Amino acid sequence: VRHDNTTHPIQRRRLQTSASPVELYCHVEHVGMVVSGCATAAMAHGEVIEMHPGDVFYVPPSAHDSWVIGDEPYVSLHFLGAASYAKK
C-alpha cells in the first residue's frame, strides 16, 4: 500500500473540503511491513507507533490516525486490513 494522501481513510479526511460527514478515525486492523519511507500511526487513546523500513507492524482495530513522515513516499505491504480501503 502506498500512502500518498489518497488511499487511507484518514488521508482522505484531510483532503475533504465539503460539509459532508466523514470518518474522524480509521477502525481497520492493520498488519504489515514497511518497504520504504516512514509513517506514524497514532491511536485515539494516545499510543503512537512510528514505522520505518523493515518494520513489521500491527495497528489494532481501535480508533487511529496515520500520516507519512518526511518527503520519501511511504510504501508498505499489508497482510491484513488493506482490503477495507486500498485501491485494487
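Residues numbered from 1 in each chain as written. Predicted model: local features only at pLDDT ≥ 70, side-chain atom pairs only at ≥ 80, totals over all residues. Heavy atoms only, no water.

**A closer look at the side chain of H30**
Item 1. Here H30 is to be found in strand β2 (residues 30-36).
Item 2. For H30, a relative accessible area of 3% puts it in the buried group.
Item 3. Separated by 3.1 Å, the side chain of H30 and the backbone oxygen of V28 make a polar contact. (Helix = DSSP H or I, 4+ residues; strand = E, 2+ residues; numbered from the N terminus. Buried < 20%, exposed > 50% of the residue type's maximum accessible area, 1.4 Å probe, protein only. Polar contact = N/O pair within 3.5 Å; in protein donor to acceptor, adjacent residues only side chain to side chain.)

**A closer look at the environment of V59**
Item 1. For V59, the position within the fold is in strand β5 (residues 56-59).
Item 2. Sequence-distant contacts of V59, that is, excluding residues within four places in its chain, are made with V28, E29, H30, A41, M43 and H64. (Contact = heavy atoms within 4.5 Å.)

**A look at the sheet that holds strand β4 (residues 48-51)**
Item 1. Pairing is antiparallel across the open sheet formed by three strands, whose spatial order is β4-β3-β6. Strands at the two margins of the open sheet, each flanked by one partner only, are β4 and β6 (64-69). Going across the sheet, the axis of each strand differs from the next one's by a mean of 15°, ignoring polarity.
Item 2. One ladder, built from six bridges, connects strand β3 (residues 38-43) with β6; its direction is antiparallel. In the sheet register, A39 faces β6, and the bridge partner there is V68. (Pairing = 2+ DSSP bridges. Axes fitted to C-alpha atoms, helices over the stretch in contact; angles between N-to-C directions.)

**As for the pairing of β4**
Item 1. Going residue by residue along β4, you find I49 and M51 tucked away on one face and V48 and E50 left uncovered on the opposite face.
Item 2. In this sheet, β4 lies alongside β3 in antiparallel orientation, the contact comprising four bridges. Paired with A41 across the two strands is I49, which belongs to β4.
Item 3. Between the antiparallel neighbours β3 and β4 lie four residues, among them G46 with a positive phi of about 115°.

**A look at the nonpolar core**
Item 1. With nine residues, the main nonpolar core is built from V34, A39, A41, M43, I49, M51, F57, V59 and Y74.
Item 2. Those elements that place two or more of their residues in this core are β3, β4 and β5.
Item 3. No other element matches the three residues that β3 contributes to this core.
Item 4. Setting aside chain neighbours within four positions, we find M43 in contact with I49, V59, P60, A63 and H64. (Core = buried A, V, L, I, M, F, W, Y, C linked by side-chain atoms within 4.5 Å.)

**A few points about the confidence of the model for the chain**
Note that predicted coordinates carrying low pLDDT should not be read in detail.
Item 1. Per-residue confidence for the chain gives a mean pLDDT of 78, with 69% of residues at or over 70.
Item 2. Per-element averaging of pLDDT across the chain places helix α1 (residues 9-15) at the bottom with 42 and β5 at the top with 96.
Item 3. Across residues 1-20, confidence stays below pLDDT 50; counting only partners more than four residues off in sequence or on other chains, it has 52 contacts. (pLDDT = per-residue confidence, 0-100.)

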